[in-house]
Amino acid sequence: MTEAIIAIITVALIVFIYIGSYVLNRRVPAPYQKVDEATCGACSNYACGVKQKLSEER
Amino acid sequence: MISPTVFFVAIVSSMLINNIVLMRFLGVCPFLGVSRKTESALGMSAAVTFVMLVASVLTYILYYLVLDPFGIEYISTIAFILVIASLVQLVEMFIKRFSQKLYKMLGIYLPLIVTNCAILGIVEINIRENYAVQYGFGAGLAVAVTSALGAALGFALVMFAFSSIRERLDAATVPESWKGVPISLVVAGIMALAFLGLGGIV
Amino acid sequence: MAEKKVAKNPMKKKKKNGRLDILTKGFIRENPIFIFLLGMCPALAVTSTMETGLGMGLLVILVLTGSNVVVSLIRNLIPEQIQIPAFIVVIATFVTIVGMLTEAYAFALHQSLGIFIPLIVVNCLIMGRATSFASKNKVSDSAIDGFGMALGFTFALMLIGATREIFASGAIALGVYLPLPFEISIINTEMYLFNMDVFAGPAGGFIVIGVLLALFTAIGNYRQKKKEAERQAWIEQKKKEAAERKRKKAMESAGDAS
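Fair warning: this is a prediction, and the values are worked out from it, not measured in the lab.

**Student:** What am I meant to see in the side chain of Ser184 of chain B here?
**Tutor:** All names here are of chain B. With respect to the secondary-structure elements, Ser184 resides in helix H9 (residues 181-196). By relative accessible area, Ser184 is classed as buried at 1%. In this structure, Ser184 is in contact with Phe162, Arg166 and Leu169, ignoring residues within four places of it in sequence.

Here you go:
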């Protein structure tokens, strides 16, 4: 039982750290550079925020 | 104290013999996706090297100080992917804040790393090799980091070689349906054949 | 009459987004491996035999269907800001569950897939479906989409695996890794006389996928050309009809005037 509780706490802690760092990272503005839009549009990576930002700018 | 040969063997073995891309098939996505230009291949390799080293230290400590003593190894997959993902976020944030130059070099490649199976794969392999049981906690950490370094160097080596080949392939006349990825895969297969010849060195 | 049959409206052939379409699009049209190049790592690593490919495919079917359903269920509860972290947690949970199930009920498969079971987490296919489909659609549609896409992935893995296994050993074995009540080898060929071990190894994996990819690209190109020709023919015919109508009208009006 204690094991399960420790497991849940550990996961919750790491999730919290991840969400915190994710939100913090989103808030820091990126010093923009030239991105090749064709390559970026063809890429299917979900974790990359560049594509989303590009489409927002347009 | 463990002998220096262990480190040498760890580097050579994870760099050349069990090459992360051509033998273990980890990190094939960036291998095919970001290898069109030598410059971007090197940038990607640098980002992978850095994150791989830090991630293997963090996950090793997490595994042997928290997960293993409490007998909750079964959450290691969740824990590791989250550690890697938050590490990438933190590194990206720091680079954005403090070094424009580094961001220009690595910025585009950092987010791609979360989906890169090379990092999670090497972390899992390090845990499965049981370095801590073989060498003790501290020395095991050193060996794990060394083999992670070797894997990253192997990744960089293959990325560099492959991007150089691809730059020439772009100029070659290739049948229409073979253009791009198919011919690159066949080239990668031939490279894998070459690496097969390195087996048995150690 | 015959001309009309050739030049039918290609726009009308476009299917609506029905359930069946969602289910079957993963096979050829939007095949994750051959068209989108997603999940190349497992496609290379676990396809030295057809059966391991099939096993990996089954695991991906479980994970993708499950994660799509859950993501679709919670899609309105999660703020947009932290969508991706939430999805990662959901997927990692499913992968852990599936890994435990495999260890319990299919140990041989668990051993042969090795680290590629935890690596399902970073398979771009699963996260891609979660963000691009499940987070925007109903639960039932998301479940069908996940199942169909994973089925296409399985099909691709089995195709690659079968090709490699036939070249490497001349036959396809079943029942070695999966917990089946029988152990047989199907499709025995005389190829074992010249079996090429290299196809079971890494080099063979790269080369086989390269060749299959080229094949799929060639088929795709052929289809596109055919479609383009059809469209051209249709446009041509419409133009002709319009011209005809115009001429008729002009003649009619000319007739009226006179």
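So that's the structure; there's more coming.
**Student:** Just to check I follow, could you spell out the packing of helix H3 (residues 38-67) of chain B against helix H6 (residues 117-128) of chain B for this structure?
**Tutor:** Residues and elements named next belong to chain B. Interhelical geometry of H3 versus H6 gives an angle of 40° and a closest axis separation of 9 Å. Looking at the two axes, H3 sits oblique to H6. Pair H3 / H6 crosses with right-handed handedness. On H6, the residues touching Val48, Val51, Met52, Ala55, Ser56, Thr59, Tyr60, Tyr63 and Tyr64 of H3 are Ala118, Ile119, Ile122, Val123, Asn126 and Ile127. Residue composition of the contact of H3 with H6, grouped by class: 12 nonpolar, three polar and no charged.

**Student:** Would you explain the layout of surface pockets in this entry?
**Tutor:** Think of a ball as big as a water molecule: rolled over the atoms, this probe shows where empty space is left. Reported here for the second largest pocket is a volume of approximately 530 Å³. Forming the boundary of the second largest pocket are 20 residues, of which Glu73, Ser76 and Arg128 of chain B together with Glu103 and His110 of chain C lie nearest the centre. Sorting the residues of the lining of the second largest pocket by element identifies H3, helix H4 (76-98) and H6 of chain B together with helix H5 (83-105) of chain C as the ones contributing at least two each. Sorting elements by how many residues they give to the lining of the second largest pocket places H5 of chain C first, with five residues. In terms of residue class, the lining of the second largest pocket is built from nine nonpolar, seven polar and four charged.

**Student:** Please explain the nonpolar core as it appears in this structure.
**Tutor:** Here is a general trend for soluble globular proteins: nonpolar side chains tend to be buried in one another's company. Counting 135 residues, the largest nonpolar core has Phe31 and Met52 of chain B as the members making the most contacts within it. What Met52 of chain B contacts, discounting residues up to four positions off in sequence, is Ile20, Ala118, Ile119, Ile122, Ala148, Ala151 and Ala152 of chain B.

**Student:** Is there a simple way to think about the packing of aromatic side chains in this case?
**Tutor:** How two aromatic rings sit relative to each other is given by the distance of their centres and the angle of their planes. Residues and elements named next belong to chain B. Per the counting criterion, the structure on display carries 13 aromatic pairs over all chains. Measuring from centroid to centroid gives 4.2 Å for Phe31 and Phe162, while their planes differ by 20°, and the two rings are stacked. You can see Phe31 sitting in helix H2 (residues 28-33) and its partner Phe162 sitting in helix H8 (residues 137-171), a full 131 residues away along the chain. There is no split in this pair, since Phe31 and Phe162 are both buried. Aromatic pair Tyr63 and Phe80: ring centres 6.3 Å apart, planes at 55°, arrangement tilted. Here Phe80 lies in helix H4 and Tyr63 lies in helix H3, a separation of 17 residues in the sequence. Note on accessibility: Tyr63 and Phe80 belong to one class, buried.

**Student:** What's the story with the interface of chain C and chain A in this structure? I'm lost.
**Tutor:** Frequently, the measure chosen for interface size is the accessible area removed from exposure when the parts meet. With nine residues of chain C at the contact, the number on the chain A side is seven residues. Between chain C and chain A lies a buried interface of about 980 Å² when both sides are counted; carbon and sulfur atoms form 72% of it. Considering only the surface of chain C that becomes buried against chain A, Gln81, Ile84 and Pro85 of chain C emerge as the three largest contributors, covering 46% of it. Connecting chain C to chain A are zero salt bridges.

**Student:** What am I meant to see in a nonpolar patch on the surface here?
**Tutor:** Residues and elements named next belong to chain C. Nonpolar side chains collect at one region of the surface, where Leu180, Phe182, Ile184, Ile186 and Ile187 lie side by side and expose about 400 Å² of accessible area between them. Assignment of secondary structure puts Ile184 in strand E2 (residues 184-186). Ile184 gets classed as partly exposed once you look at its relative accessible area, which sits at 41%.

**Student:** I tried to follow the interface of chain C and chain B on my own but got confused; where do I start?
**Tutor:** With 34 residues of chain C at the contact, the number on the chain B side is 36 residues. Across the chain C/chain B interface, buried area totals approximately 3000 Å², and carbon plus sulfur atoms make up 85% of it. Inspection of the region where chain C meets chain B yields zero salt bridges. Those elements that provide at least two residues to the side of chain C that touches chain B are helix H3 (40-45), H5 and helix H9 (202-257) of chain C. For the side of chain C that touches chain B, the leading source of residues is H9 of chain C, giving 13 residues.

**Student:** Looking at this structure, how should I read the side chain of Ser76 of chain B?
**Tutor:** All names here are of chain B. Along the chain, Ser76 turns up in helix H4. Judged by its relative accessible area of 12%, Ser76 falls in the buried class. Once residues within four sequence positions are removed from consideration, Ser76 is found in contact with Tyr63 and Leu67.

**Student:** Mind showing me how you'd approach empty space enclosed by the protein here?
**Tutor:** All told, the structure shown has three cavities of 30 Å³ or more when counted by the stated rule. There is about 70 Å³ of room inside the second largest cavity. Residue lining of the second largest cavity: Cys29, Thr115 and Cys117 of chain B together with Gly39, Met40, Cys41, Pro42, Phe116, Leu119, Val122, Asn123 and Cys124 of chain C, and that is the complete set. The element that contributes the greatest number of residues to the lining of the second largest cavity is H3 of chain C, accounting for three residues. Considered class by class, the residues forming the lining of the second largest cavity number nine nonpolar, three polar and no charged.

Cut-offs used in this document
Residues numbered from 1 in each chain as written. Chains lettered and ligands numbered in written order. Predicted model: local features only at pLDDT ≥ 70, side-chain atom pairs only at ≥ 80, totals over all residues. Heavy atoms only, no water. Helix = DSSP H or I, 4+ residues; strand = E, 2+ residues; numbered from the N terminus. Buried < 20%, exposed > 50% of the residue type's maximum accessible area, 1.4 Å probe, protein only. Contact = heavy atoms within 4.5 Å. Axes fitted to C-alpha atoms, helices over the stretch in contact; angles between N-to-C directions. Parallel < 35°, antiparallel > 145°, perpendicular 65-115°, else oblique. Left-handed = near helix turned anticlockwise from the far one by under 90°. Nonpolar A, V, L, I, M, F, W, Y, C, P; charged D, E, K, R; others polar. 1 Å grid on protein atoms, 1.4 Å probe; cavity = no way out; pocket = protein on both sides within 12 Å on 5 of 7 lines; lining within 4 Å. Points joined across faces, edges and corners; volume = space filled by probe spheres on them. Core = buried A, V, L, I, M, F, W, Y, C linked by side-chain atoms within 4.5 Å. Phe/Tyr/Trp six-rings, centres within 6.5 Å; stacked < 30°, edge-to-face > 60°. Buried area = accessible area lost by both parts, 1.4 Å probe. Salt bridge = Lys/Arg side-chain N within 4 Å of Asp/Glu carboxyl O. Patch = residues over 30% accessible without salt bridge, like charges linked within 9 Å, V, L, I, M, F, W, Y side chains within 5 Å. Areas by Shrake-Rupley, 256 points an atom, 1.4 Å probe, with all protein chains shown as cover.

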